[in-house]
Amino acid sequence: MSARNTKQAPDGGWGWAIVVASFMGQLLAYGSPQSVGVLYPEWLNTFQDSKGMTALVGSLVSGVGLIASPICSACVVNFGARPVTIFSGVMVSGGLMLSAFAPNVQFLIFSYGIVVGLGCGLVYAATVTITCQYFDKRRGLALGIITTGTSIGGFLYATVQNEFIALFGLDGCLLLIGCFALNIIACAGLMRPLHLPAYYLKQRAALAEKTEEKVLDKAPVVEDPIKKNQSVNVLITGETKERKSLVSYAALVRLVKKKQKKYSEYLHSTAELLQNRVFLATCVSLFAYCLGAYTPLLFLEDLAQSEGLISGISTIPLVSIMSIAAGVGKLLLGVMMDIRWMNSIFLYVFTLLGTGVVLLIIPITKNYAGLRVISALLGFFSGNWSVIPYVTTKVVGMDRLTEAYGILMFFGGFSIMLGPPVAGWIYDWMNSYDLAFYFSGSFVLLGGAGLFLAAVCCRNNNQEETSTPDTECINDYDKVATVA
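Residues numbered from 1 in each chain as written. Predicted model: local features only at pLDDT ≥ 70, side-chain atom pairs only at ≥ 80, totals over all residues. Heavy atoms only, no water.

Student: Honestly, the overall build of the protein chain in this entry has me stumped. Any pointers?
Tutor: Of regular secondary structure, the protein chain possesses 21 helices and 0 strands. Counting all 484 residues of the protein chain, 48% fall into the buried class. In the protein chain, once contacts between residues fewer than 6 apart in sequence are set aside, the share between residues at least 24 apart is 85%. When the accessible surface of the protein chain is totalled, it reaches about 22,900 Å², and 66% of it is carbon and sulfur. (Helix = DSSP H or I, 4+ residues; strand = E, 2+ residues; numbered from the N terminus. Buried < 20%, exposed > 50% of the residue type's maximum accessible area, 1.4 Å probe, protein only. Contact = heavy atoms within 4.5 Å. Areas by Shrake-Rupley, 256 points an atom, 1.4 Å probe, with all protein chains shown as cover.)

Listed below in structure tokens is the structure:
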């Protein structure tokens with residue numbers, strides 16, 4: 001059993017089959033959520049609900065998976081990548097098919113926003129985890145390949161959903177892409193586990209423990225010199241049961257105290273992290289970024305139609321341009337991080353400030369070609385998600401990377417769920433997208449400026465303290481990739 005869990009990562013061989021399966025799994029799962037901007041105008045026309053309420057569907061599908069990432073990761077650790085991927089394929093496919101029969105937006109919030117969002121979170125956790133198991137030296141390359149599946153999926157699905165809506169209507173489109181999502185189950189078939197999941201190890205340990213208990217229970221009966229005396233046997237049995245119940249109760253109390261201690265230690269550790277000014281500024285900047293940067297994903301197509309810049313949806317929608325530019329941004333920004341003199345915090349701040357400026361330009365753009373350029377820039381800057389693990393490492397160090405990254409994902413997921421509905425409600429109030437994009441761009445700019453000031457002040461006050469995490473970041477890229 002232990003030998004099975006100490007296998008070295010092959011860095012190739014069957015690992016490339018894992019990469020292909022993980023790439024396709026992310027493409028099939030995230031294709032529709034990444035191009036939800038194509039579905040948004042159709043939902044508006046079909047249900048005639050407010051833009052704020054309808055936008056909640058698209059924001060939930062992206063935010064729920066991030067907020068539930070600790071639960072998704074725990075499922076993968078306990079049950080393995082293959083069962084979790086199979087279950088997630090059923091969730092994503094079922095949620096998309098249920099959405100085809102949605103009578104109102106509230107049903108879509110559950111079927112598309114929550115069910116599909118949780119399914120995507122499970123797919124992401126499973127594919128990243130099993131890829132990290134199979135790759136060590138080439139882990140960064142493998143993770144870079146599989147995570148581009150989300151961008152390519154968004155690029156392809158935006159056009160495919162547009163064509164399906166024209167041919168079969170909105171309901172037929174959702175049913176067809178729901179059928180496509182069933183292929184996630186086929187991708188799970190290739191995910192041969194390299195290590196036994198924790199659940200199976202616990203089952204084996206429990207089975208061995210029960211076998212030992214049966215042997216110990218039977219031993220006194222065989223060796224008992226007065227085994228013919230039934231009353232004595234009954235008395236011994238009663239005492240044994242009482243002793244076992246007391247032992248189990250004491251074990252339960254110890255377990256509760258142990259869990260309570262772990263939770264208190266986690267809360268104390270979280271409070272310590274948030275006392276770090278640069279990390280707190282990073283959390284606030286990510287919150288501000290997600291509050292504004294996900295607004296164009298939903299509203300750019302509707303903006304172009306409402307302003308009369310285009311009739312219907314073009315052959316290559318704006319969300320397709322945004323998705324393919326995001327893939328390019330992930331790769332290029334990741335390559336830039338390999339430059340030794342590159343400061344990850346300042347690079348991240350640059351993407352935030354660039355996003356804020358582009359968002360402020362949207363209201364004054366009066367042609368569709370300009371919106372295409374804006375979509376490409378926003379997509380490229382959104383590739384900064386590949387920089388966040390390195391920024392986190394530089395701020396808090398390698399030892400606390402996983403914990404800090406989880407906190408950041410909570411801030412990002414909550415902000416994604418909040419941003420598009422707020423922008424939609426602003427439109428319902430003002431009957432214009434201008435204030436919504438000014439609001440989004442201002443928040444992103446403030447978040448980037450706050451992080452820049454915090455990083456500069458910290459660097460000036462204690463330069464030695466900031467240089468140490470930076471060295472760790474350079475020397476441990478493979479470890480950083482496990483949370484990329």
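Student: Explanation requested: the nonpolar core in the structure shown.
Tutor: Soluble, globular proteins show a tendency: their nonpolar side chains are buried together. Among the nonpolar cores identified, the biggest contains 124 residues, and Trp43, Tyr112 and Phe279 are the most heavily contacted of them. Ignoring any residue separated from it by four or fewer positions in sequence, one finds Tyr112 in contact with Ser32, Pro33, Val36, Leu39, Trp43, Val57, Val61, Gly95, Leu96, Ser99, Gly117 and Leu174. (Core = buried A, V, L, I, M, F, W, Y, C linked by side-chain atoms within 4.5 Å.)

Student: Is there a simple way to think about unusual backbone geometry in this case?
Tutor: Leave glycine aside and you will find that most residues have negative phi; peptide bonds, for their part, are mostly trans. We note that Gln48 has phi near 55°; this positive angle belongs to a residue other than glycine. A relative accessible area of 63% places Gln48 in the exposed class.

Student: I tried to follow helix α16 (residues 368-381) on my own but got confused; where do I start?
Tutor: Given a rise of 1.5 Å per residue, 14 residues ought to cover 20 Å, and the 20 Å separating the end C-alpha atoms of α16 matches this to within 8%. Where α16 is buried, its residues touch α12 (277-293), α13 (295-306), α14 (318-336) and α15 (344-361). Measuring from the backbone nitrogen of Ala369 back to the side-chain oxygen at the start of α16 gives 3.4 Å, which picks out Asn367 as the cap. (Expected span 1.5 Å × (residues − 1). Polar contact = N/O pair within 3.5 Å; in protein donor to acceptor, adjacent residues only side chain to side chain.)

Student: How should the environment of Ser415 be read in this particular structure?
Tutor: Residue position: Ser415 is located in helix α18 (residues 401-430). Classification of Ser415 by relative accessible area gives buried; the value is 0%. Separated by 352 residues in the primary sequence, Ser415 and Gly63 place their C-alpha atoms 7.6 Å from one another. Those residues in contact with Ser415, other than ones at most four positions away along the chain, are Phe287, Cys290 and Leu291. Here Leu291 takes part through its backbone nitrogen, which lies 2.7 Å from a polar atom of the side chain of Ser415.

Student: In this structure, what is going on with the packing of helix α4 (residues 51-67) against helix α7 (residues 105-134)? I would like to understand it.
Tutor: The angle between the axes and the distance between the axes are what describe a pair of packed helices. Two elements in contact, α4 and α7, have axes separated by 7 Å at closest approach and are oriented at 15°. Taken together, the axes of α4 and α7 lie roughly parallel to each other. As α4 packs across α7, the resulting crossing turns out to be right-handed. Note on element contacts: α7 touches α4 through Val105, Gln106, Leu108, Ile109, Tyr112, Gly113, Ile114, Val116, Gly117, Leu118 and Gly121, opposite Met53, Thr54, Leu56, Val57, Leu60, Val61, Val64 and Gly65. Grouping the constituent residues of the contact of α4 with α7 by class yields 13 nonpolar, 6 polar and no charged. (Axes fitted to C-alpha atoms, helices over the stretch in contact; angles between N-to-C directions. Parallel < 35°, antiparallel > 145°, perpendicular 65-115°, else oblique. Left-handed = near helix turned anticlockwise from the far one by under 90°. Nonpolar A, V, L, I, M, F, W, Y, C, P; charged D, E, K, R; others polar.)

Student: I keep staring at a nonpolar patch on the surface and nothing clicks. Help me out?
Tutor: Together, Val357, Ile361, Ile364, Trp429, Met430, Leu435 and Tyr438 make up a nonpolar patch on the protein surface, roughly 700 Å² of accessible area in all. At the level of secondary structure, the elements contributing two or more residues to the nonpolar patch comprise α15, α18 and α19 (434-461). Here Tyr438 is to be found in helix α19. (Patch = residues over 30% accessible without salt bridge, like charges linked within 9 Å, V, L, I, M, F, W, Y side chains within 5 Å. Salt bridge = Lys/Arg side-chain N within 4 Å of Asp/Glu carboxyl O.)

Student: Any chance you could explain the side chain of Ser62 here in plain terms?
Tutor: Among the secondary structure elements, Ser62 is positioned in helix α4. When sequence neighbours within four positions are dropped, the list of residues in contact with Ser62 reads Tyr294 and Ile416.

Student: Would you mind going over the packing of aromatic side chains with me for this structure?
Tutor: The geometry of an aromatic ring pair is captured by the separation of the ring centres together with the interplanar angle, meaning the angle of the planes. In the structure shown here, the tally under the stated rule is 14 aromatic pairs. Note on Phe287 and Phe414: the rings are 6.2 Å apart at their centroids and 25° apart in plane angle, and the pair reads as stacked. Of this pair, Phe287 sits in helix α12 while Phe414 sits in helix α18, and the two are 127 residues apart along the sequence. The interplanar angle of 50° and the centroid separation of 5.7 Å between the aromatic rings of Phe346 and Phe452 together place this pair among those described as tilted. Residue Phe346 is located in helix α15, and its partner Phe452 is located in helix α19; the two are separated by 106 residues in the primary sequence. For Phe346, a relative accessible area of 27% translates into the label partly exposed. Overall, Phe452 belongs to the partly exposed group, its relative accessible area being 38%. Members of the aromatic cluster, each reached through a chain of ring pairs, are Tyr40, Phe299, Tyr427, Tyr433 and Phe437. Taking the ring centre of Tyr427 as reference, the NZ or CZ of Lys51 above it sits at 4.6 Å. The side chain of Arg192 reaches across the aromatic face of Trp14, ending 4.6 Å from its centre. (Phe/Tyr/Trp six-rings, centres within 6.5 Å; stacked < 30°, edge-to-face > 60°. Lys NZ or Arg CZ within 6 Å of the ring centre and 35° of its normal.)

Student: Please clarify how the environment of Leu298 should be interpreted in this entry.
Tutor: Assignment of secondary structure puts Leu298 in helix α13. Sequence separation between Leu298 and Pro41 is 257 residues, and the spatial gap between their C-alpha atoms is 8.8 Å. Leave out the neighbours within four places in its chain, and Leu298 touches Val36, Gly37, Tyr40, Ala55, Gly58, Ser59 and Pro420.

Student: Can you walk me through the packing of helix α3 (residues 36-47) against α7 in this structure?
Tutor: Remark: α3 packs on α7, axes separated minimally by 11 Å, with the N-to-C direction vectors making an angle of 155°. When the axes of α3 and α7 are compared, the pair comes out roughly antiparallel. For the pair α3 and α7, contact is made by Val36, Leu39, Trp43 and Phe47 and by Val105, Leu108 and Tyr112, respectively. Class assignment for the residues of the contact of α3 with α7 results in 7 nonpolar, no polar and no charged.

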